[in-house]
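A look at the structure
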Amino acid sequence: MLAAAALALALGAAGCSSSSSGTAASGSSSTPAGTSSASASTATVNTSSCGTKPGVQATGTPIPLGAIATNQPGTSFTDIPNMAKAYFDCVNANGGINGRPIKLYIETEQTNPAQIAADAKQLVQTDKVVGIIGNTSIIECSVNSSYWQKLGFYIIDSGIAPECYSTPNSAAVNMGPRYSSDGAVQYALAQHVSKVVFDQANVPGTGYIAAGPNALAKPANTPIVDLTENVPITDANSVAIKEVNDAGPNGAVILNFTPPQALVILQAAQKLGLEDRVKLWGCSTPCNTDFLAQSLGPKWNHKLFVNAELTPPDDTNTPAMNLYKAILKQYGSSVQGGIGSFSQMGFTEAEIAVHALESISGPPYTVQNVNAAFKAVKDFNTGMLCQLWTYGNYPLHIPNNADYTVTANNGKMTTAQGCTAISAADPQIAQYRSVAGTAPNAPTSS
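Now for a description of the structure that goes with this document. Only a predicted model underlies this, so the values are computations on that prediction, with no experimental measurement involved. For every chain, the first residue of the written sequence is number 1, and numbering continues from 1 along that sequence. The predicted origin of the model limits local features to residues at a pLDDT of at least 70 and limits the giving and counting of side-chain atom pairs to 80 or more, whereas totals for whole chains, interfaces and linings rest on all residues. Hydrogens and water molecules were not included; the side-chain quantities draw on all heavy atoms of the structure.

Some points on the pairing of strand E10 (residues 252-256)
Going by this rule: Only protein chains enter the accessibility calculation, which uses a 1.4 Å probe; a residue whose area is less than 20% of its type maximum is buried, one above 50% is exposed, and one in between is partly exposed. Each helix corresponds to a stretch of at least 4 residues labelled H or I by DSSP, and each strand to a stretch of at least 2 residues labelled E; elements are numbered beginning at the N terminus. Two strands pair if DSSP finds at least two bridges between them.
Across the 5 residues that make up E10, a large majority, 5, are buried. Residues Ala 252, Ile 254 and Asn 256 of E10 are buried on one face, and the alternating residues Val 253 and Leu 255, pointing to the opposite face, are buried as well. For strand E8 (residues 196-201) and E10, the ladder comprises 5 bridges, and the chain directions are parallel. Considered in E10, the bridge of Val 197 is made with Val 253.

Digging into the pattern of salt bridges
Defined as follows: Criterion for a salt bridge: a side-chain nitrogen of Lys or Arg within 4 Å of a carboxyl oxygen of Asp or Glu.
Under the definition given, this model contains 6 salt bridges. Ionic pairing is found between Lys 85 and Asp 89, a salt bridge with its closest N-O pair at 2.3 Å. Placement of both Lys 85 and Asp 89 in helix H1 (residues 79-92) is noted, with a separation of 4 residues, approximately one turn of the helix. Classification of Lys 85 as buried rests on a relative accessible area of 16%. Classification of Asp 89 as buried rests on a relative accessible area of 0%.

A word on the nonpolar core
For clarity, the cut-off: Buried residues of nine kinds, namely Ala, Val, Leu, Ile, Met, Phe, Trp, Tyr and Cys, make up a nonpolar core once their side-chain atoms join them within 4.5 Å. The contact criterion used is simple: two residues touch if any of their non-hydrogen atoms lie within 4.5 Å.
Ranked by size, the top nonpolar core spans 69 residues in total, and within it Phe 88, Trp 148, Ile 327 and Trp 389 carry the most contacts. Among the elements that line this core, the one with the most residues is helix H11 (residues 341-358), at 9 residues. Once residues lying within four places of it in the same chain are set aside, the contact partners of Trp 389 are Ile 156, Ala 171, Ala 172, Val 173, Ile 352, Val 377, Lys 378, Asp 379, Phe 380, Thr 382 and Pro 399. Within the second largest apolar cluster, 37 residues are counted, among which are Val 197, Leu 255, Val 278 and Ala 293.

Some thoughts on the sheet that holds E10
In a beta sheet, neighbouring strands pair by backbone hydrogen bonds and run either parallel or antiparallel. Test applied: Helix axes use the C-alpha atoms of the stretch in contact, all axes being lines fitted to C-alpha atoms, and the angles between their N-to-C directions lie in the range 0 to 180 degrees.
Spatially, the 7 strands line up as an open sheet ordered E9-E8-E10-E11-E12-E13-E14, and their pairing is mixed. Pairing within the sheet leaves two strands with one partner each, and these edge strands are strand E9 (224-229) and strand E14 (412-421). Across the sheet, the axes of successive neighbouring strands diverge by a mean angle of 25°, strand direction being ignored. Bridging between E10 and strand E11 (residues 280-283) involves 4 bridges; their strand directions are parallel.

Now the structure itself:
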């Protein structure tokens, strides 16, 4: 979960530097995340299950991995690699990878192509990383795709730009802004709305993103209006009025913004008494966070329907979900947004990487054998996705293409619709399934 601004984590920007400075993340932090949204069920979960040798601190030469994330006013994705770091910290405290710790180098950027290219070279040439996991950036895939292909890197990321999904060397755990918006619009169309208003942040890639919802609306013979807003939003009242007027009483307003930007629109609608003036409000995955549900309050119960690219955490009690919450609580002090899709993405990327690294017999860990292991991941049950996750040798990658819908309900995001495949009316989804098929559904008790 991402519209160029759409996968941004609301609270993440406030807690992270806006300069492009790399940080090496390793070792174990025991500081609580400081969020009250962690479920009480995590109290019985032992985080030592994240590693193969409970309580044994990994030592020796670290396995260096890297990540690049957008962090700028109005858009921060840093919670994703920070959660991956938290997972690695847990693994390091419980045996590591064949006794070796993982070190994650995180670079931040401000949508500057030269800066993003320099970040990649910093990771490769200076930090000597052997794998890239957790990349989450508005344009990084566009800037660095050819560089990663040239060097033989197969990225495990959270996609935003088209190249995150249309190239052989990037496989995301999320569906990104286009396919997540597809999911939100698909749910609205299933409720027989007479019109869709699709509004998103005015950032690079809006045309590519809007093409998905438009492709779904066409065979349904449902009119769709595409809007964009400059962020940060300065006149939310005008935005809300325009959306509601365009949608009409039997229409749907679908938002593709970061949680704080979506929140100001929804709060403006409530202040103006507009929340009931349309059939439903919807949102792409970034809105799937308790932060938003709690901020909106009960007046929005069952009025806001959010695409959820990962398993809804509030009403899920499985070993994987409880481990995620426990790691977030024990090791996730730098994850400002708490429980939500962004931290779930970081968890999922890290667990896939650990699964791949554990398949390597032992040192040395090189660009060649690490990336071969990443690429070889097949039908892996993350415990967080509707489908089993496969990288595969394909010319394009959309391994997550089925999702949930959640709805705001008394400060939580609870499930409104179970796993549903994204419509192949989006030609990109159709193209991927033509080469990769449809992945098996994941077991529901993991």
